[in-house]
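# Notes for the structure review
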Amino acid sequence: MVEPDERPSNAGQRLGAPESLGISTLEPGQRPPTMPPGRQVSVRVQMLDDTQEVFEISQRAPGKFLHDLVCAHLNLVEGDYFGLEYQDHRKMMVWLDLVKPALKQIRRPKNTILKFVVKFFPPDHTQLSEELTRYLFALQIKHDLACGRLTCNDTSAALLVSHIVQSEIGDFDDVQSRQHLLNNKYIPDQDALTDKIIDYHRKHVGHTPAESDFQLLEIARRLEMYGVRLHPAKDREGTRLSLAVAHTGVLVFQGHTKINAFNWSKVRKLSFKRKRFLIKLRPDLNQSNCQDTLEFLMGSRDCCKIFWKICVEYHAFFRLFEEPKPKPKPVLFSRGSSFRFSGRTQKQVIDYVKDSEFKKVPFERKHSRIQSNSSLSPMTSHFSSEVPRDRPRASSLTADRTDSPLKHSRVAESAQVTVENPPLQRHQLSPISQPNGHHEGLQEDDDTRSRTSSRQPQQQQLRQSSDHINTGALPGSPGLSDSPAVSRVMMVNGQKQQQTLGLGQSPDGRQPSPLTSPLLTDAGFVRTDDEDERFPTDKAYFIAKELLTTERTYLKDLEVITVALQKFVSKEEALPDSLKNVIFANFEPVYKFHDAFLKEVEQRLAQWEGRSNAHIKGDYQRVGDIMLRNTQGLKLMTGHLQKHSEALLELERTCRGSRRLEGLCRDFELQKVCYLPLNIFFLRPLHRLMHYKQILERLCKHYPPTHDDFRDSRAALADISEMVAQLHGTMIKMENFQKLLELKKDLIGIDNLVIPGREFIRLGCLSKLSGKGLQQRMFFLFNDVLLYTSRGMTASNQFKVHGQLPLYGMTIRESEDEWGVPNSFTLFGQRHSVVVAASSASEMEKWMEDIKMAIELADKCNGPSSEILGSSLTDSKSPDEPGMDQESEDDLSASRTSLERQAPHRGNTTVHVCWHRNTSVSMVDFSVAVENQLSGNLLRKFKNSNGWQKLWVVFTNFSLFFYKTHQDDYPLASLPLLGYSITIPSESENIHKDYVFKLHFKSHVYYFRSESEYTFERWMEVIRSATSSSSHARFHSRKDPYPY
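Residues numbered from 1 in each chain as written. Predicted model: local features only at pLDDT ≥ 70, side-chain atom pairs only at ≥ 80, totals over all residues. Heavy atoms only, no water.

Take the overall build of the chain next. When helices and strands are tallied, the chain shows 24 helices and 32 strands. Classification of the 1044 residues of the chain by burial places 56% in the buried group. If you take every contact in the chain between residues at least 6 apart in sequence, the share linking residues at least 24 apart comes to 66%. Carbon and sulfur atoms provide 48% of the accessible area of the chain, an area that totals close to 46,700 Å². (Helix = DSSP H or I, 4+ residues; strand = E, 2+ residues; numbered from the N terminus. Buried < 20%, exposed > 50% of the residue type's maximum accessible area, 1.4 Å probe, protein only. Contact = heavy atoms within 4.5 Å. Areas by Shrake-Rupley, 256 points an atom, 1.4 Å probe, with all protein chains shown as cover.)

Here's what the structure looks like:
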């Protein structure tokens, strides 16, 4: 590692530099790297599943050629996390250098076995986008556990082994599980922990191997020894220690206990001299007697050099933006090592996978008995099944069918199986292999086909495609018997095996894995290419169904308070009894009421759809009677609803006086179940009344006055409107209070943001003109002050306040001609003026309109006090730091954070989304988003994917949250919509489906398909409300009572 000030040309570019075009692993669609000329030599490589492969390489081929050959053989895109390790002639384990010729490093290739293992361990496994990569990481964890390298307590060890067992043998069976543990040793002292492993395994029922891998990595990454390889050393006093390197920096261990850590930001230089390994630290201004250079004595010069090399590689991989440039060759003589990191950095790998589309090729899990669960590698697919929920009735299912979901004919129950790229499917590797990964006796069944038929006269046989084969079968068709099981021939380990699929089952007997990373990936969901279901065609049915779907989401939101929060705080006992009574005593009756209401609505919709015989006894194609009956009960809940705002106020007051409770609430917001800021859930009951009102208004507008359900619906609307009018003022005040509390968490440098009379108006990005040019700043507009901030360097990426502009006496004017900056305007305050520029003309118009309105409000109030906001920082700012209106160089670079500083805490709030997408949001937009919440099933398709994926989707808080089913407690992924555009696909996009809308932002494109014209229009309406801002005129209308 070279000091930046000494050799600036040798260091890689930091985040924010132009992206390098170099790649280090095989790109999809390309052939393996061209073999350099020269005599070929066979090299054996042992994979993480303990199989060995033989690769032919030239004598002149660099190490990178062999590494790329292995990655191409495995269809591994994220191969940069892995390396080839071998034992050299000194009996030391070293990494294969990717730049030097491989055979110059491996002196005796016939007697050397290279091991393909994990080299770089990221801090968070969610940064691994592909399931094959996570599977290989899980195998590495399994190896480290078995050899004792990954040490942990008994509880963690038992939990890790239980997930490994679940991935290998599937769901718990007492006899099978005990026998499996008897035959396989995963940890050194396994026998003593068998009962504990069994107890944990019993709780993993339903987890697929992919989910088990995910959970295994989630637990492992929290262990102190995760990814640690110890290098023996001694300090100056001769104390035996061990050195290790991680993504954060250099670590010091005594035994298996970490005693010190030197973060990369503190390290100035790493070097070695003979047996001495030297760490030069940057001077610490707070400690005058801090040691500048630390010295460790290692076993030999070779030991020092091996450890120094891996430190250089770790630093470059995790800290640099792109691969460092090679050193220029010296003219006369060289000094020091010419070694450098070669390959893509982690940032390049993440960007490359995110921006690329890959074909899907199955991979085999060697140790898993669930043979067909070949979940997704970067180019992998999976078998999935989807059973339509209607009763059996003949219908045609063909490959080129373009029917919309809304058809009058019912689809018969069938097991629909999707297989992609069957000729490219990789099976379990045999120990005896041919050069370059080819095997003897393994022949793919390229002619495997399934036929689709129906009771209609025409039958079509699916044409085999190298990309995609979609097969379906119906009861009574020639391809299948009438039994409720489907027999299928599969290739496993080169042998044909018969497998029986029950209806509604994937080949492993379960639904496919719902597992995905927090990024949106084309993995793990049920593929539904044609899911034709019969629904009633009346618009009233779809309005009633919207009531059902949103009620399910609302009840889940109530459970966040009544179940998850109550369980979380009961463990710590940090919540005072008075606060418990205010919160839970007022939420639990509301939750019980809506739980009963939801069951009643579900029963009515089942009768309406004809899924029970109850419709024979009466007319159940109505919902107004249920709404009227329950609004009477809801009126009795008005007292509880009014106290929900009191609960939020009491919680805030208590948190101010108790740091422990404040930390507890902050920790709860990090739980997956709390997918929104906690205080939003306290306002859900008030928001739900508005949703009822809107649904009933649409119902009354649809019904003619003579309709049987019109009278009940109108009466229910009158009752709900009365309740909304009664609680309207409280709701407006609490929405503003909630927004101020949320912004308080995002800002540092202010003490009294939440004060009586202050109203939030708009937040968003503007470029501030200074002596250094235009710099991105986050502006926050209130009715008395305008704040400008930049994103700070704290762990939570909060925004640091740089200045405040009181609105009293302020004037504003456009200044594009004056400064020559497009979309710019100048704010003239009493103390000083600021020139800012918006990203577009429309953004400038919104800002100027809202600022003028805020100035008028401030002038009417005769001006605020002289000091609007306290300027004392919450983190004990030193006296010599810059003042509020000054900006230090560290503050200016705050937006250029490295990967390690991008902590997950509060990283996806609306403020951060506006910062990254350079846009703005007003309080009116927040209010509109509250009114336009929606949830339901949608089919999602990526730009280059083949099939549609059925998801439960919830729209709220300017984002789409994706679930596998409505019963899930927390979302699998989310998509913030600010900055996105919503359109209808064009003919050139070849969608050929009804009711499809398209979301796109830059290169990101998603297609969503709804079940009916009504739901299509509703999704378009609510998403447009999140992607386009409202005028400030509605700001005043929201303050007036609703005209009922």
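Where two aromatic rings form a pair, the distance of their centres and the angle of their planes describe that pair. Throughout the structure, instances matching the rule amount to 32 aromatic pairs. With a centroid separation of 6.0 Å and an interplanar angle of 65 degrees, the aromatic rings of Phe760 and Phe926 are classed as edge-to-face. Placement of the pair is Phe760 in strand β18 (residues 760–770) and Phe926 in helix α22 (residues 923–931), with a sequence separation of 166 residues. Given the relative accessible area of 1%, Phe760 is considered buried. Judged by relative accessible area, which is 7%, Phe926 ranks as buried. Taken together, the ring pairs connect Tyr81, Phe82, Phe116, Phe120, Phe121, Phe137, Tyr226, Tyr314, Phe317 and Phe318 into an aromatic cluster. In this arrangement the basic side chain of Arg758 is found over the ring face of Phe782, its NZ or CZ atom lying 5.9 Å from the centre. Note that Arg917 overlies the ring of Phe1001, its terminal NZ or CZ placed 5.0 Å from the centroid. (Phe/Tyr/Trp six-rings, centres within 6.5 Å; stacked < 30°, edge-to-face > 60°. Lys NZ or Arg CZ within 6 Å of the ring centre and 35° of its normal.)

Once that is clear, we can look at the packing of helix α17 (residues 710–746) against α22. Viewed as axis vectors pointing N to C, α17 and α22 meet at an angle of 115 degrees, and their least axial separation amounts to 11 Å. Between α17 and α22, the crossing angle belongs to the class labelled roughly perpendicular. The chirality of how α17 crosses α22 is right-handed. Across from Glu735, Asn736 and Lys739 in α17, the residues of α22 making contact are Met923, Phe926, Ser927 and Val930. When grouped by side-chain class, the residues that make up the contact of α17 with α22 number 3 nonpolar, 2 polar and 2 charged. (Axes fitted to C-alpha atoms, helices over the stretch in contact; angles between N-to-C directions. Parallel < 35°, antiparallel > 145°, perpendicular 65-115°, else oblique. Left-handed = near helix turned anticlockwise from the far one by under 90°. Nonpolar A, V, L, I, M, F, W, Y, C, P; charged D, E, K, R; others polar.)

This brings us to the pattern of salt bridges. One pass over the full model with this rule turns up 47 salt bridges. The partner of Lys556 in a salt bridge is Glu559, with the nearest N and O atoms 3.6 Å apart. A residue pair is termed a helical-turn pair when its members lie 3 or 4 positions apart in one helix, as Lys556 and Glu559 do in helix α10 (residues 539–572) at 3 residues. Across the salt bridge formed by Lys635 and Glu722, the nearest N and O atoms sit 3.6 Å from each other. One end of the pair, Lys635, is in helix α12 (residues 624–635); the other, Glu722, is in helix α17, with 87 residues separating them in the sequence. Taking the relative accessible area as the measure of exposure, Glu722 reaches 47% and is therefore partly exposed. Here the residues in one salt-bridge network are Arg604, Arg622, Asp625, Asp709 and Asp712, joined through shared partners. (Salt bridge = Lys/Arg side-chain N within 4 Å of Asp/Glu carboxyl O.)

Following the sequence through the fold, Arg39 ends up in the segment before β1 (40–46). Look at Arg39 and you get exposed, because its relative accessible area is 53%. A sequence separation of 21 residues divides Arg39 from Arg60, and the C-alpha atoms of the two residues are 8.4 Å apart. What Arg39 contacts, discounting residues up to four positions off in sequence, is Ile57, Ser58 and Gln59.

Looking now at the sheet that holds strand β28 (residues 959–963). One open sheet accounts for 7 strands, arranged β29-β28-β27-β26-β32-β31-β30; its pairing is antiparallel. One side of each edge strand has no neighbouring strand; the edge strands of this open sheet are β29 (973–976) and β30 (981–983). Across this sheet, the average inter-strand angle for adjacent strands is 35 degrees, counted without regard to direction. In this fold α10 packs onto β26 (934–942) and β27 (949–956), with an angle of close to 95 degrees to the strand it touches most, β26. (Pairing = 2+ DSSP bridges.)

Among the secondary structure elements, Gln949 is positioned in strand β27. Gln949 sits 59 residues away from Phe1008 along the chain, and the two C-alpha atoms are 9.3 Å apart.

Interaxial distance between helix α13 (residues 638–657) and helix α14 (residues 659–669) falls to 5 Å at its minimum, and their mutual angle equals 120 degrees. As summarised for this structure, α13 and α14 are arranged oblique, according to the angle between their axes. Along the contact surface, α13 presents Leu651, Thr654, Cys655 and Gly657, while α14 presents Arg659, Leu661, Glu662 and Cys665. Split into classes, the residues belonging to the contact of α13 with α14 amount to 4 nonpolar, 2 polar and 2 charged.

Next up on the list: helix α5 (residues 174–183). All buried positions along α5 are accounted for by Ser177, His180 and Leu181. Looking down the long axis of α5, one finds its buried residues gathered within 95 degrees of arc, a one-sided arrangement. Relative to its buried face, α5 has exposed residues pointing more than 90 degrees away, namely Val175, Leu182 and Asn183. Where the residues of α5 are buried, they touch α4 (154–169) and α6 (194–202). (Arc of directions from axis to C-beta.)

If a strand is regular, its side chains alternate between the two faces of the sheet. Of all 6 residues in strand β31 (residues 996–1001), 5 are buried, a share of seventy percent or more. In the sheet, β30 pairs with β31 via 3 bridges, with the strands oriented antiparallel. Bridge assignment links Ser981 to a residue of β31, and that residue is His1000. In the sheet, β31 pairs with strand β32 (residues 1004–1009) via 6 bridges, with the strands oriented antiparallel. Considered in β32, the bridge of Val996 is made with Arg1009. Following β31, the chain reverses through 2 residues before pairing antiparallel with β32; Lys1002 in that reversal takes a positive phi of roughly 55 degrees.

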